[in-house]
Amino acid sequence: MKEFFMYLIANVLSEPAFLIGIVALIGLLVQKKNFSEVVAGTVKTMVGFLLITTGAQSMGMTLLPIQPMLQNIFGMEANVADINNAIGASMTAFGASATLIFAFGFLVNVLLARFTKFKFIHLSAHVSFFYAGLIAALLSVGTNLSSLWITIIGSILLGLYLTLSCAYLYPLMKNIPGAEGYTIGHSSSIGCFISAKIGKLVGNKDNNLEDIKLPKYLGFLRETTIALSVIMTLIFFIVSLISGPRFVMENVSEGKDIFIFSILNGLKFGLWITVIITGVRMMLSEIVPAFHGISDKLVPNAVPGLDIPLLFPNHPTSVIVGFITSLIASLIGMAILGAIKYPVIVFPALIPTFFTGAVTAIFGNSTGGRRGAIVGSFVNGLILIWGQALLLPYIGAYEPIMRVLAETDYAFYGPIVGWILGLF
């Protein structure tokens, strides 16, 4: 029985597509849909979700060649981060505890949704799993607790995080076009919250970043795929030029000149945003109605917490502005750490910088327009770099994955939990 339970956690519940498919399946069954509708709705939900996650992951990977170029510009060692090696190294140390905390933490989330006023179920399983790993690392390194107590305490902490992070973002969703019927379940939640609050203080939501008027000859930029392809091509070309064409050809582009290299990467970026857009349309048409079936029968008034790429298609300008602004802020933050000779050396991790920068700009724009988007995503970039520097001493062998995937919640909450554990 124990082996079956561990198999279920490791191979079914830890696969986000299966988890979202199970939710859709249960929702359709409790609504007493016929067999054909149940199969079609479940498969369509899972395929749509895979389109979104594959597109998002691949879009993030498209950015990785920028990292060695930036490292070269700043005179640092130019190595492209290997995500698979980082995940393998970190999970070897904490994978067993992380798996149990992930499973029981999700159960705590569902129980809280069922029996408290916080009616939110976090469905971004990949976010939950890596956050479970962070909690396992913090408790293992910072305490002398047994494995049993690490699992118990870690599950409660994860369940509270999954529930409350969805809860404090839900009231802010009403300000964001295309965000009806769900909340955000992602490890950029505190960055989104701070950005929205800052936006309200410093900006005017009527000056919407997405409403910037373009001259007629730039009208093609109004289409999301084209706009992001062209802008990312320019970003790749400018960074390649500053880094040095020869360096790029010898170390990054596999011999392609920077012009061809930039165009290809810009087009790949456009390809993956198109995949995400297709997945969003497929999944939302099925998962929200199916989830309402669950909420009506099993967890009354529950709201699903979904991943942030769902917001990207309606906010292409915010996506790019947020990424660039968070990256600039992270580079400034890195320079400040260097100037004060901080003992932990960190470099901006491009995948979390892109995703959290994009979504914090969307939330900042929703309450403070252009100024809110820029200031909010700038603050996010500082949290990413300074929080990562504060976090790394507390997590031991979980460091490799946090150097690659440390998003805002890891960088913000992680050092706080580590410091509190240190007091005891």
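Placed above this text is the structure.
Along every chain, residues carry numbers that run from 1 in the direction the sequence is written. For a predicted model such as this one, the threshold for reporting local features is a pLDDT of at least 70, and the threshold for listing and counting side-chain atom pairs is 80 or more; totals across whole chains, interfaces and linings nevertheless cover every residue. The side-chain numbers reported here are obtained from all heavy atoms of the structure, hydrogens and water having been left aside.

> Can you help me understand the pairing of strand S3 (residues 303–306) in this one?
Two faces make up the sheet, and in a regular strand the side chains alternate between them. Type-normalised accessible area, obtained with a 1.4 Å probe on protein chains alone, sets the label of each residue: buried when under 20%, exposed when over 50%, and partly exposed for intermediate values. Numbering goes from the N terminus for both helices and strands, where a helix is a DSSP run of H or I of at least four residues and a strand is a run of E of at least two. Side chains of S3 alternate between two faces, with Val303 and Gly305 and Pro304 and Leu306 buried alike. Strand pairing requires that DSSP identify at least two bridges connecting the strands. Note that strand S1 (residues 120–122) and S3 share three bridges and pair parallel. Across the sheet, the residue bridging to isoleucine 121 is proline 304, located in S3. With two bridges connecting them, strand S2 (residues 183–184) and S3 associate as parallel partners. Bridging across to S3, threonine 183 finds its partner in glycine 305.

> Would you mind showing me how to read a nonpolar patch on the surface here?
On the surface, Phe118, Leu145, Leu148, Trp149, Ile152, Ile153, Ile156, Leu157, Leu160 and Leu164 cluster together to form a nonpolar patch covering roughly 810 Å² of accessible area. Structurally, the position occupied by leucine 145 is in the loop between helix H6 (125–142) and helix H7 (147–169). Think of a patch as exposed residues, more than 30% relative accessible area, with no salt bridge, where like charges cluster within 9 Å and nonpolar side chains (Val, Leu, Ile, Met, Phe, Trp, Tyr) cluster within 5 Å. Surface accessibility in these figures is a Shrake-Rupley result with a 1.4 Å probe; residues are shielded only by whichever protein chains are displayed. Basic side-chain nitrogens of Lys or Arg form a salt bridge, by our definition, when they fall within 4 Å of a carboxyl oxygen of Asp or Glu.

> Explain a positive patch on the surface to me, please; I cannot follow it from the model alone.
Here the positive residues are Lys and Arg and the negative ones are Asp and Glu; neither His nor the chain ends is included. Throughout, a charge is located at the NZ atom of Lys, the CZ atom of Arg, the CG atom of Asp or the CD atom of Glu. A surface patch of positive charge is lined by Lys174, Lys197, Lys200 and Lys205. Take lysine 197: it is sitting in helix H8 (residues 189–202).

> Is there a simple way to think about the pattern of salt bridges in this case?
For side chains bearing opposite charge, pairing can occur when the charged atoms are close. Under the defined criterion, the tally for this structure stands at two salt bridges. A salt bridge links arginine 246 to glutamate 250; its shortest N-O distance comes to 3.0 Å. Taken together, the residues span about one helical turn, with arginine 246 and glutamate 250 both in helix H10 (residues 245–251) at a distance of four residues. For arginine 403, the salt bridge identified is with glutamate 399, shortest N-O distance 2.8 Å. In this pair, arginine 403 and glutamate 399 both sit in helix H14 (residues 399–405), four residues apart, roughly one turn of the helix. Relative accessible area serves as the criterion here: at 26%, glutamate 399 is assigned to the partly exposed category.

> Got a minute to help me understand the packing of aromatic side chains in this structure?
Aromatic ring pairs: the centre-centre distance and the angle between the two ring planes describe each pair. Aromatic rings from Phe, Tyr and Trp, taking only the six-membered ring of Trp, are treated as a pair when their centres fall within 6.5 Å; an angle between ring planes under 30 degrees marks them as stacked, one over 60 as edge-to-face, and anything in between as tilted. One pass over the structure, following the stated rule, counts 15 aromatic pairs. Aromatic side chains phenylalanine 129 and phenylalanine 130 sit 6.2 Å apart centroid to centroid with 65 degrees between the ring planes, which places their arrangement in the edge-to-face category. Taking the centre distance of 6.1 Å and the plane angle of 20 degrees together, the rings of phenylalanine 312 and phenylalanine 355 count as stacked. Of the two residues, phenylalanine 312 sits in the loop between S3 and helix H12 (316–339) while phenylalanine 355 sits in helix H13 (residues 350–391), which places them 43 residues apart along the sequence. Across the pair, exposure class does not vary: phenylalanine 312 and phenylalanine 355 are buried alike.

> In this structure, what is going on with the packing of H8 against H13? I would like to understand it.
The axes of two packed helices give the description: the angle between them and the distance between them. Lines fitted to C-alpha atoms define the axes here, with helix axes fitted over just the stretch in contact, and angles between the N-to-C directions of these axes take values from 0 to 180 degrees. Between H8 and H13, whose axes approach to 7 Å, the crossing angle comes to 125 degrees. For the element pair H8 / H13, the angle class is oblique. Here the hand of the crossing between H8 and H13 comes out right-handed. Among the residues forming the contact of H8 with H13, the class breakdown is ten nonpolar, eleven polar and two charged. For classification purposes, an angle smaller than 35 degrees is called roughly parallel, one larger than 145 roughly antiparallel, one from 65 to 115 roughly perpendicular, and anything else oblique. It is the rotation of the near helix from the far one that decides the hand of a crossing: anticlockwise by less than a right angle makes it left-handed, clockwise makes it right-handed. Throughout this entry, Asp, Glu, Lys and Arg are counted as charged residues, while Ala, Val, Leu, Ile, Met, Phe, Trp, Tyr, Cys and Pro are counted as nonpolar. The remaining residues, Gly among them, count as polar.

> I tried to follow the sheet that holds S3 on my own but got confused; where do I start?
Strand pairing in a sheet is mediated by backbone hydrogen bonds. Such pairs are either parallel or antiparallel. The strand order across the open sheet formed by three strands is S1-S3-S2, and the pairing between neighbours is parallel. On the outer flanks of this sheet lie S1 and S2, each paired with one strand and no other. Throughout, a residue-residue contact means that at least one pair of heavy atoms, one from each residue, lies within 4.5 Å. Contacts between H7 and the sheet are confined to S1, S2 and S3, with S1 contributing the most and set at about 120 degrees to the helix.

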